[in-house]
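Structural characterization, general
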Amino acid sequence: MNGSLRKNIREMRGVSIYIFVFMGLLSVLAVFSKSNSTLGIITIMGAVIPASSIERDNQRGFDTFERMLPVSPEQVVSSKYLLTLFTTLMIFVCSVLGHIAGVLICKGADGRFALPKPDEVSIADSDFLIKICFISLITIAVAGLLIVIFYRFKSSTFIRMIPAAVCLTIGIGCGLMMNDDEDSFIGPLSEISTVVLITAFVVCTVIFAASYVLSLKFYNKYKD
Amino acid sequence: MADNAIEIKNISKSFGKFKISDLSLSLPSGCIMGLIGENGAGKSTLIRLIMNASNTDSGEISVLGADNKSEGFISTKDDIGVVLDMPCFADNLKGRDIDRLMSGYYSRWSSERFLSLLERFEVDPDVRFYKLSKGMKMKLSIAAALSHDAKLLILDEPTSGLDPMVRDELLDILMEFTRDEERSVLISSHITSDLEKICDYIAFLHKGRLMLCDEKDMLLERYSVVKLSGQQLDELPKDSYIGARKGKYSCEVLMESSNIPEGFTKEHTTLEEIILFMARNEREAV
């Protein structure tokens, strides 16, 4: 493992554990409330981790120091993208585990404590799985956009606000899309078909790959 | 082995109002060069340019024989130890974590050497970075730069924030480091007395311009401070001295030793005096 990736994982380990646990708990609550709208927060959490890693490096001057170490630009930039994939994967796994835990609690409670009845919840809930996959793909694409913005503009206060706004808007948007309530504001999007999921996979992968190429270009061009 | 550890040819760089223009200098292998200059003179910028952490507008830089813009320079960096003026490791890392982290960057990283240096500097490897004092953080960064068998050390203000004992120890380590003739050091510092102790060459930067770059002993031999009265100073042609300092009862001028007129007594000068006189002269000329 190259130094950049090792550094990113080591530094983010402490913060990420809290986020992963939080996501797991959120998934449990999603089962209890029979609504997946809270899963929109995955986008915010998943995209913020890699972006904040770049921001921190910039703030304390580690990015300048790292440019003086025997590591290629490709390794530095790709480590941020690998961190994105890793955190998104971890959030995905924690959400699925949270969902399983929520379903098991509901089955154990057997309709008590105002929890959903055992026949109303299922571990193999395809609707949940499709939604969590969809939102993970959105997360990867948003993170890719944020990383490009940081590599291009560094971290002036104004620039820091743009990613935060983008992240929050898309996160809330995803939350609304996940809303299972029939009277919800965006009712038609509450059900995500496999076609939509495949399209999202292609689009998000292209955005992520393009973002990597651009970030690498900006990393080499905008050093000061 | 390249004759020069660092060779800079006519580099220029500007951002905003700051400008480094047409700067050239060489650091011969096996030598220690001190980079002196006031805040904002361009010392840190020059170090960033040398390490290709900042893009030059024009000019060429070669480090340990490799063009710093070539792809091969990444592997050359394996032979370079760097300490920046602001230690920049993450707050939650301990010395032991930094050991593991740096081993991912340098192919010849020695944990044994790193931990023994931390012990020598009395830095606890199990304390988190944010709990260390500024001096301790700097010691840790210096230990990191010395733990991978580097051939060139580039140190930006490494002695700032260190107590005199540790500063002295660091200077000893640097001199020990250059006993091997293949090893060189470029060190920037405000503390001219430190540089005077260890440097073979001195480069003086002022507002992005290289005012002088020469062997330290030559400099100390070439320049002298002459004490004289106000009347004598008025009688001296202005182009015969480099800078003057007027006191209440007497004046001092910095002159080239070979230009001192008969009848004047020359005094041994220090690096600090040479730099101060030159900087003062530049300020007055503006």
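Structure: above.
The structure presented is a predicted model; accordingly, all values stated were derived computationally and were not measured.

Calculation notes
- Residues numbered from 1 in each chain as written.
- Chains lettered and ligands numbered in written order.
- Predicted model: local features only at pLDDT ≥ 70, side-chain atom pairs only at ≥ 80, totals over all residues.
- Heavy atoms only, no water.
- Phe/Tyr/Trp six-rings, centres within 6.5 Å; stacked < 30°, edge-to-face > 60°.
- Helix = DSSP H or I, 4+ residues; strand = E, 2+ residues; numbered from the N terminus.
- Buried < 20%, exposed > 50% of the residue type's maximum accessible area, 1.4 Å probe, protein only.
- Lys NZ or Arg CZ within 6 Å of the ring centre and 35° of its normal.
- Axes fitted to C-alpha atoms, helices over the stretch in contact; angles between N-to-C directions.
- Parallel < 35°, antiparallel > 145°, perpendicular 65-115°, else oblique.
- Left-handed = near helix turned anticlockwise from the far one by under 90°.

A word on the packing of aromatic side chains
Within the structure shown, the criterion is met by 11 aromatic pairs over all chains. Ring centres 6.3 Å apart and planes at 55° place the aromatic pair F62 of chain A and F89 of chain B in the tilted group. With F62 of chain A in helix α3 (residues 62-67) and F89 of chain B in the loop between β6 (80-83) and α3 (95-103), the pair connects residues from two separate chains. No difference in accessibility class separates F62 of chain A from F89 of chain B, as the two residues are buried. Relative to W109 of chain B, the ring of Y106 of chain B lies with its centre 6.3 Å away and its plane at 20°, an arrangement referred to as stacked. Taking the relative accessible area as the measure of exposure, Y106 of chain B reaches 3% and is therefore buried. For W109 of chain B, a relative accessible area of 11% puts it in the buried group. Ring pairing ties together the aromatic residues F62 and F65 of chain A together with F89 and F129 of chain B, which thus form one cluster. Directly above the aromatic system of Y219 of chain A lies the positively charged group of R67 of chain A, at a separation of 3.9 Å from the ring centroid. Lying over the aromatic face of F129 of chain B, K137 of chain B brings its terminal NZ or CZ to 5.3 Å of the ring centre.

Thoughts on the packing of helix α1 (residues 3-33) of chain A against helix α4 (residues 73-109) of chain A
The angle between the axes and the distance between the axes are what describe a pair of packed helices. Residues and elements named next belong to chain A. Their axes nearest at 7 Å, the elements α1 and α4 cross at an angle of 25°. Taken together, the axis directions place α1 and α4 in an arrangement best described as roughly parallel. The crossing of α1 and α4 is right-handed.

In short, shape yes, function no, at least from these values alone.
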